[in-house]
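If you want the building blocks of each chain, they are given just below.
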Number of protein chains: 2
Amino acid sequence: MMKRFLLFFALCLGTGRFAQAQNDSLLIRSIYEKALESHVAYNYLEYLSNRIGGRLSGSPQAAAAVEYMRAVMDTLPFDTVYLQPVMVPHWVRGDKEEARALSSYRGSISLRVCALGNSVGTGEGGISAPVVEVHSFDELKALGRKKVEGKIVFFNVPMKQHHIETFSAYGEAVRYRVSGASEAAKLGAVAVVVRSMGTALDDEPHTGALRYEQGVPAIPAVAISTRGAEQLSALLRQDPSTRLFIETHCRMLPDVLSYNVIGEVWGERRDTVIAVGGHLDAWDNGDGAHDDGAGCVQSVEAVRILRQLGVKPRYTWRVVLFMNEENGLRGGIEYARMVRERGEHHLLALESDAGGFSPRGFSFDMTPEHFRRIQNYLKNMLEPYGLHIFRLGGSGADISPLKGSATILAGLRPDSQRYFDYHHTAIDTFDKINRRELALGAAAMASLIYLANQGMLH
Amino acid sequence: MMKRFLLFFALCLGTGRFAQAQNDSLLIRSIYEKALESHVAYNYLEYLSNRIGGRLSGSPQAAAAVEYMRAVMDTLPFDTVYLQPVMVPHWVRGDKEEARALSSYRGSISLRVCALGNSVGTGEGGISAPVVEVHSFDELKALGRKKVEGKIVFFNVPMKQHHIETFSAYGEAVRYRVSGASEAAKLGAVAVVVRSMGTALDDEPHTGALRYEQGVPAIPAVAISTRGAEQLSALLRQDPSTRLFIETHCRMLPDVLSYNVIGEVWGERRDTVIAVGGHLDAWDNGDGAHDDGAGCVQSVEAVRILRQLGVKPRYTWRVVLFMNEENGLRGGIEYARMVRERGEHHLLALESDAGGFSPRGFSFDMTPEHFRRIQNYLKNMLEPYGLHIFRLGGSGADISPLKGSATILAGLRPDSQRYFDYHHTAIDTFDKINRRELALGAAAMASLIYLANQGMLH
């Protein structure tokens, strides 16, 4: 494989840049060796997951995670580590979330649900109402106010299995979680139950943010597990008069002060930045191991390895651990604001927020001409490491506000098959992490940063 | 992506074969849709893993697995399902396997071990002896008889982490499991302890076959978990006079009759075969979910889907579930013998025996000229499904005796990162299977069979 490489570069670049390409190849090999032998990122993630756990914005766990990651980065060769203040929403789940289906046919059946993030609660005493099951917004609208008013709307829209990448299925179905409550409220519904955004048929409800539309009544919203959705749907076929009882105590509190955690290595050109990050907040029901503890520790590990290998920073390398990706994106927005204020330019902003699974490649937001210029180079450099997917379109939520301040936005693309088994559930836990997969992701990220630093992605 | 496809075919093949390529593309898309929506293979594997479990050759579980898979295949549209008799070794683990380190420094410490497959046991009372730790056969030989005689040799050779594919690391290290006992016995050792073939640092000992060299005393051999190996090594540094006590009751019984399970769909050309399979036997300490229940159910699923889609068999399609891959390969050898006796030719023999993980591609044993002819075609057909690795060299153990009777031997190459966390351990269980990853493997296999059937791999 190495031979094919060298031949490729000799042919493409002429002997002038051949030595450079050869050096880059060898350096990338060293990055992978360091990463695959390291337990450092894995151990950081163990702490974030098992000892801190779910760290939703505004929670004591989020504050602990900020302190922990700052302390971690303080032990590493950054030139500066600091906290960027940002006001974040503070949503709390409360001490109760329950749902029961009440039918004449089967009696009372408990259903495993969890409140959707940002949702209002039902309060003490809960809500009990008949249920109307729908499979699309069109179907909901066709029912009209008469058939929806006073009812609980049950969005039973499975993620489609036929997509090869599960994010495509998520992209299609997630609108029911995000907008279902307001769409149903417009027709007078009193609450919504949303089938979980999961690819497995199991008993785990998946939380995640909803967004209430201004001027529309905010009604309570819960996610039901995929198996629970099948069960509820069957109950409704057996007895259409089945009622649902829902009680949730979640509520939104006033905004609180939190932080992005930032570490910088200063290069020759201080005002030109290569940024890498993930988000430090995570849903409260699980431990945020894959989403997105993995991305945080990979970002730190990528820079740690480059430092350990003595790579000379030509630009500022900046690790940014964003706060509040999950239910507000305030950290990403505030970071982009600071960048504009400082007049900095980002050569590359790279995010890992798709789980700590075997990396398959990168997706990019950049000009198509630029992408075409570097695509084959990347392929040839990184294919020996199992990275085959280099694609235009899609990078990461936290870095999306940087559009206009960055030449290249990039997202790590890990294998997506297992992601929606764990995403936003109680089982997004450290035991689901494979050390080598996590390390391969960190190595892929370090390699991309390295190539950007060497001017190879210009 | 589809557009790029069609353009590729239009340019490469001319309009004559363009319609064919377009049909093939659409058919492969249908295969993936069927596979990703199916729970069939997953449910078969649940039964094989959870209700039958470890099914080592000669065991009641192996017999149950033969009956179960025959019964399964009898419900599917095969033209015939039959059992091919084969005599297999019958090794049993016995009712005890224990190891303790006895040092003046730390007292008695239990170590988690398991006997290696085919090993003789120590018998009642066990063996107690000083330990000599080595890291290579060269180191062992350099020690010589004087320093080895009467001792227990501890092969502490970690699988190297720097390889991108874990099978490369396994290939390097497995010799100590296979040949360690005889190499140590040549110098008078009384037993061996082999560091487990695992990429994780954990407490699971990995069993697996050893081979005793003829004319060399057969001495007992156990695997120790990777963490146990670290612990034992530390103990030996603290107190070089540390002794090991080992007691195992494993033993080899006389050969017994077992079977390959075979199902056939008859095509226009009966004597030309496309075979697909995995091995039905599995180590007794786990449930053989990934190794190789996955390969068995994927093979059945691949043919089931092709039948369901109404693909017309031009050749004989044959599912072969091999018996005794783990500690003898008798099923694979007997199958190849039958093929030669019948004078059949295999157009393609495809094996899945690297776990039910996200498939990354295929490896092939065939002539380099032939491989070069089909490589780009395969890439273009299968890359949209996440299959990027098409490589010459390596197919599968069970089909390896078919060399000379087959034009193409192929092995499914799934992502290898997690395989050696589970391989030959007590935790190779059904909960480690992701339905979509398993299904993607089955779809990849069905696609390759389809292309062979259509004459596209000639």
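Conventions we followed
- Residues numbered from 1 in each chain as written.
- Chains lettered and ligands numbered in written order.
- Predicted model: local features only at pLDDT ≥ 70, side-chain atom pairs only at ≥ 80, totals over all residues.
- Heavy atoms only, no water.
- Contact = heavy atoms within 4.5 Å.
- Buried area = accessible area lost by both parts, 1.4 Å probe.
- Salt bridge = Lys/Arg side-chain N within 4 Å of Asp/Glu carboxyl O.
- Polar contact = N/O pair within 3.5 Å; in protein donor to acceptor, adjacent residues only side chain to side chain.
- Helix = DSSP H or I, 4+ residues; strand = E, 2+ residues; numbered from the N terminus.
- Nonpolar A, V, L, I, M, F, W, Y, C, P; charged D, E, K, R; others polar.
- Phe/Tyr/Trp six-rings, centres within 6.5 Å; stacked < 30°, edge-to-face > 60°.
- Buried < 20%, exposed > 50% of the residue type's maximum accessible area, 1.4 Å probe, protein only.
- Pairing = 2+ DSSP bridges.
- Axes fitted to C-alpha atoms, helices over the stretch in contact; angles between N-to-C directions.
- Parallel < 35°, antiparallel > 145°, perpendicular 65-115°, else oblique.
- Left-handed = near helix turned anticlockwise from the far one by under 90°.
- Expected span 1.5 Å × (residues − 1).
- Least-squares fit on C-alpha atoms with pLDDT ≥ 70 in both.
- Domains from an automatic or database assignment.
- pLDDT = per-residue confidence, 0-100.

### Examining the interface of chain B and chain A
Piece 1. Each side of the interface is counted separately: chain B has 30 residues, and chain A has 30 residues.
Piece 2. Interface area, chain B with chain A, both sides summed: about 2,500 Å², of which 48% is carbon and sulfur.
Piece 3. Together, Gln161, Ile164 and Arg436 of chain B form the three largest contributors to the area buried by chain B at its contact with chain A, with a combined 26%.
Piece 4. Arg418 of chain A is paired through a salt bridge with Glu437 of chain B; the nearest N and O atoms lie 3.1 Å apart.
Piece 5. Applying the counting rule to chain B against chain A returns 20 residue pairs in polar contact (both at pLDDT 80 or more).
Piece 6. Only α1 (2-37), β14 (359-365) and α12 (435-453) of chain B provide two or more residues apiece to the side of chain B that touches chain A.
Piece 7. Ranked by residue count, the leading element in the side of chain B that touches chain A is α1 of chain B, at five residues.
Piece 8. Residue classes in the side of chain B that touches chain A are distributed as nine nonpolar, 11 polar and 10 charged.

### Things to note about the packing of aromatic side chains
All names here are of chain A.
Piece 1. A full pass over the atoms with the stated rule returns 32 aromatic pairs over all chains.
Piece 2. Where Phe364 meets Phe371, the ring centres are 5.9 Å apart and the plane angle is 45 degrees; that geometry is what we call tilted.
Piece 3. Exposure remark for Phe364: the relative accessible area of 0% places this residue in the buried category.
Piece 4. Since its relative accessible area comes to 6%, Phe371 is described here as buried.

### Regarding the sheet that holds strand β3 (residues 107-111) of chain B
All names here are of chain B.
Piece 1. Taken in spatial order, the eight strands line up as β3-β2-β9-β5-β6-β7-β8-β4 in an open sheet, and their pairing is mixed. One side of each edge strand has no neighbouring strand; the edge strands of this open sheet are β3 and β4 (113-115). Averaged over all adjacent pairs, the angle separating strand axes in this sheet is 30 degrees, with direction ignored.
Piece 2. Two elements, strand β2 (residues 97-103) and β3, share five bridges in a ladder whose sense is antiparallel.

### Side note on the side chain of His206 of chain A
Residue and element names in this part refer to chain A.
Piece 1. Structurally, His206 is set in the loop between β7 (191-195) and β8 (221-224).
Piece 2. For His206, the side chain forms a polar contact with the main-chain oxygen of Met197, separated by 3.1 Å.
Piece 3. What His206 contacts, discounting residues up to four positions off in sequence, is Cys114, Leu116, Ser196, Met197, Gly198, Ala223, Phe420, Asp421, His423, His424 and Thr425.

### Side note on the packing of helix α4 (residues 137-148) of chain B against helix α6 (residues 175-185) of chain B
Two numbers describe a pair of packed helices, the interaxial angle and the distance between the axes.
Residue and element names in this part refer to chain B.
Piece 1. Where α4 meets α6, the axes come as close as 10 Å, and the angle between the chain directions of the two elements is 25 degrees. Classified by the angle between their axes, α4 and α6 sit roughly parallel to one another. For the element pair α4 and α6, the recorded crossing hand is right-handed. Here Phe137, Leu140, Lys141, Arg145 and Val148 of α4 lie close against α6, whose contacting residues are Arg175, Tyr176, Ser179, Gly180, Glu183, Ala184 and Ala185.

### So, helix α9 (residues 330-342) of chain A
Structurally, the α-helix is built with 3.6 residues per turn, so residues lying three or four positions apart point the same way.
Residues and elements named next belong to chain A.
Piece 1. With 13 residues, α9 extends 18 Å from end C-alpha to end C-alpha; this agrees with the ideal 18 Å at 1.5 Å per step.
Piece 2. The set of residues buried in α9 consists of Gly331, Gly332, Glu334, Tyr335, Ala336, Met338 and Val339.
Piece 3. With its phi angle positive at about 70 degrees, Gly343 sits one or two positions after the end of α9.

### Considerations on the relation of the copies chain B and chain A
Piece 1. Rotating chain B by 180 degrees and translating it 0.0 Å along the rotation axis places it on chain A, where the RMSD comes to 0.0 Å. What the rotation and shift describe, once combined, is the action of a two-fold rotation axis. Measuring from the rotation axis to each C-alpha of chain B, the shortest distance belongs to His388 of chain B, at 3.4 Å.
Piece 2. Of all interface residues in chain B, 100% are interface residues in chain A too; the two copies therefore contact each other through one and the same surface.

### What to know about the packing of helix α10 (residues 368-382) of chain B against α12 of chain B
All names here are of chain B.
Piece 1. At their nearest, the axes of α10 and α12 sit 12 Å apart, and the two run at 130 degrees to each other. By the angle between their directions, the pair α10 and α12 is classed as oblique. Crossing angle aside, the handedness with which α10 passes α12 is right-handed. On α12, the residues touching Tyr377, Leu378, Met381 and Leu382 of α10 are Ser447, Leu448 and Leu451.
Piece 2. A class-by-class count of the residues in the contact of α10 with α12 yields six nonpolar, one polar and no charged.

### A closer look at unusual backbone geometry
All names here are of chain A.
Piece 1. In this structure, Asp292 follows Asp291 across a cis peptide bond, with omega equal to 0 degrees.
Piece 2. Tracing the chain through its elements places Asp292 in helix α8 (residues 289-308).
Piece 3. For Asn118, which is not glycine, the phi torsion reads 80 degrees and is therefore positive.
Piece 4. With respect to the helices, strands and loops of the structure, Asn118 is situated in the loop between β4 (113-115) and β5 (127-134).
Piece 5. A relative accessible area of 15% places Asn118 in the buried class.

### Here's the deal with the domain arrangement of chain A
Interfaces are often described in size by the accessible area the parts lose on coming together.
All names here are of chain A.
Piece 1. Per the domain assignment, the segments making up chain A are domain 1 (2-89 + 254-453) and domain 2 (94-249).
Piece 2. Listed as interface residues are 18 residues of domain 1 and, on the opposing side, 22 residues of domain 2.
Piece 3. Run the count over domain 1 and domain 2 and you get one salt bridge.
Piece 4. Between Glu165 and Arg391 there is a salt bridge; the shortest N-O distance is 3.0 Å.
Piece 5. For the interface between domain 1 and domain 2, the tally reads eight residue pairs in polar contact (both at pLDDT 80 or more).
Piece 6. For the side of domain 1 that touches domain 2, the secondary-structure elements that each account for two or more residues are β15 (389-392) and α11 (419-422).

### A few points about the confidence of the model for chain A
Piece 1. Confidence in the prediction of chain A, expressed as mean pLDDT, is 96, and 96% of residues score 70 or more.
Piece 2. Complex prediction metrics read pTM 0.95 and ipTM 0.95.

### So, the sheet that holds β7 of chain A
Residues and elements named next belong to chain A.
Piece 1. In space, the eight strands of this open sheet follow the order β3-β2-β9-β5-β6-β7-β8-β4, with mixed pairing throughout. Of all the strands in the sheet, the pair left with one neighbour each is β3 (107-111) and β4. The average angle at which neighbouring strand axes cross in this sheet is 30 degrees, direction not considered.
Piece 2. Judged from the three bridges that link them, β4 and β8 form a sheet pairing that is antiparallel.

### Examining the side chain of Ser358 of chain B
Piece 1. Positionally, Ser358 of chain B belongs in the loop between β13 (345-351) and β14.
Piece 2. Here Asp415 of chain A takes part through its side chain, which lies 2.9 Å from a polar atom of the side chain of Ser358 of chain B.
Piece 3. Other than its neighbours up to four places away in sequence, Ser358 of chain B contacts Arg360, Asp415 and Gln417 of chain A together with Pro414, Asp415, Glu437 and Leu440 of chain B.

### What about the environment of Leu451 of chain A?
Residues and elements named next belong to chain A.
Piece 1. Take Leu451: it is sitting in helix α12 (residues 435-453).
Piece 2. Note on Leu451: relative accessible area 0%, which makes it buried.
Piece 3. Sequence spacing of Leu451 and Thr199 is 252 residues, and the spatial spacing of their C-alpha atoms is 35 Å.
Piece 4. Contact partners of Leu451, with chain neighbours within four places excluded, come to Asp24, Ile28, Tyr377, Leu378, Met381, Met456 and Leu457.

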